[in-house]
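Chain by chain, the residues run as shown.
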Amino acid sequence: MTRIRATVNCDMGEGYSLYKMGDDAALMKTIHLANVACGFHASDFSIMNETVRLAKTNNVHVGAHPSLPDRQGFGRREMAMEPEELASCFIYQVGALMGFLVAHGLTLNHIKPHGAVYGMTARDPALARAAVGVAKTFNVPFMGLPGTHHQAAAKELGVPFIAEWFVDMEYSPEGKLLITKTHEPLSASVVRDRVNRLLEEKRITTTTGSLPLTEGVTEVSICCHSDTPGAVEIAETVKALVDRNNAQLQ
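Residues numbered from 1 in each chain as written. Predicted model: local features only at pLDDT ≥ 70, side-chain atom pairs only at ≥ 80, totals over all residues. Heavy atoms only, no water.

Brief notes about the packing of aromatic side chains
Alright, step 1. Scanning the model with the defined rule gives two aromatic pairs in all.
Alright, step 2. Both rings, one in Phe40 and one in Tyr92, keep their centres 5.5 Å apart while their planes meet at 40 degrees; by these two values the pair is tilted. With Phe40 in the loop between β2 (33-37) and α2 (45-57) and Tyr92 in helix α3 (residues 83-103), this residue pair connects regions lying 52 residues apart in the sequence.
Alright, step 3. For Phe40, a relative accessible area of 24% corresponds to the partly exposed category.
Alright, step 4. The interplanar angle of 90 degrees and the centroid separation of 5.5 Å between the aromatic rings of Tyr118 and Phe166 together place this pair among those described as edge-to-face. With Tyr118 in helix α4 (residues 115-123) and Phe166 in strand β6 (residues 161-166), this pair connects stretches of sequence that are 48 residues apart.
Alright, step 5. Assessed through its relative accessible area of 2%, Tyr118 is described here as buried.
Alright, step 6. Residue class for Phe166 comes out buried when judged on its relative accessible area of 3%. (Phe/Tyr/Trp six-rings, centres within 6.5 Å; stacked < 30°, edge-to-face > 60°. Helix = DSSP H or I, 4+ residues; strand = E, 2+ residues; numbered from the N terminus. Buried < 20%, exposed > 50% of the residue type's maximum accessible area, 1.4 Å probe, protein only.)

Below is the structure:
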């Protein structure tokens, strides 16, 4: 049985003004990588600053989580956008986060698109090159879906690629990520089964069974969304499984 090394990531800082989304303070204690919202689907200058501060306190690496400009739809609705426009949209958002990283003495770890544009860039090679090109501009890895245009564009542009898998989302029988506006609750047993299948068997759970992880992927980052019901408990379960798994690889 061949295990695969893993990290845990979470989309963070997704509140706005007095409105809160998820328990960032608790979640930050259970993850390795934080994908911080940059203002277009959620967050503002105060929340972005506090999220970066929390990450620093908990020794969590910070990545940028840029979105389509759709705060009302939480960035989970698609819109038409040309590659050059998307690149500018991402650079604008990553630049905002960079300011807070500099203020706290941190560096940018990676870039991961949010919501609808995550799926759009996975399917469209031109949009993928635009998004990955922003990671190249900032000289950081790109986090995305293995076996899609995310990975292909990263290889083409010479950008390090972080393969991602979602514990709290469904995959179609063909292995396509099913992006939804909201996330359903998950039992602890489902979480454990999905994670163990990935780490121990290198297989992705689908709605009808499972599929092998994309060939050549040797490490994966497991995403737990902060707005999934029971997010903290899910992240704690995943982190414990990942820590146990990685210890066996040392």
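Brief notes about the pattern of salt bridges
Alright, step 1. Scanning the model with the defined rule gives 10 salt bridges in all.
Alright, step 2. Across the pair Asp11 and Lys112 runs a salt bridge whose closest N-O atoms are separated by 2.9 Å. Here the residue Asp11 occupies a position in strand β1 (residues 5-12), and Lys112 occupies one in the loop between β4 (108-111) and α4, the gap between them amounting to 101 residues.
Alright, step 3. Arg194 serves as the salt-bridge partner of Glu170, at 2.9 Å between the closest nitrogen and oxygen. (Salt bridge = Lys/Arg side-chain N within 4 Å of Asp/Glu carboxyl O.)

Here we look at the packing of helix α7 (residues 188-201) against helix α8 (residues 231-249)
The axes of two packed helices give the description: the angle between them and the distance between them.
Alright, step 1. One can describe the packing of α7 onto α8 by two numbers: an axis separation of 10 Å at closest approach and a directional angle of 30 degrees. One way to sum up the angle between α7 and α8 is to call them roughly parallel. For the pair α7 and α8, the sense of crossing is right-handed. Packed against α7, whose contacting residues are Val191, Arg192, Val195, Asn196 and Leu199, the element α8 presents Ile234, Thr237, Val238, Leu241, Val242, Arg244 and Asn245 at the interface.
Alright, step 2. Grouping the amino acids of the contact of α7 with α8 by side-chain chemistry returns seven nonpolar, three polar and two charged. (Axes fitted to C-alpha atoms, helices over the stretch in contact; angles between N-to-C directions. Parallel < 35°, antiparallel > 145°, perpendicular 65-115°, else oblique. Left-handed = near helix turned anticlockwise from the far one by under 90°. Contact = heavy atoms within 4.5 Å. Nonpolar A, V, L, I, M, F, W, Y, C, P; charged D, E, K, R; others polar.)

As for the environment of Tyr171
Alright, step 1. Residue position: Tyr171 is located in strand β7 (residues 170-171).
Alright, step 2. Judged by relative accessible area, Tyr171 falls into the buried class, the value being 3%.
Alright, step 3. Linking Tyr171 and Ser210, residues 39 residues apart in sequence, is a C-alpha distance of 9.0 Å.
Alright, step 4. A polar side-chain atom of Tyr171 sits 3.1 Å from the main-chain amide nitrogen of Phe166. (Polar contact = N/O pair within 3.5 Å; in protein donor to acceptor, adjacent residues only side chain to side chain.)

Concerning unusual backbone geometry
Alright, step 1. Of note in this structure, Ser17 is not a glycine but carries a positive phi near 55 degrees.
Alright, step 2. Within the element layout of this structure, Ser17 appears in the loop between β1 and α1 (24-27).
Alright, step 3. If you check the backbone angles, Asn59 has positive phi at about 55 degrees while not being a glycine.

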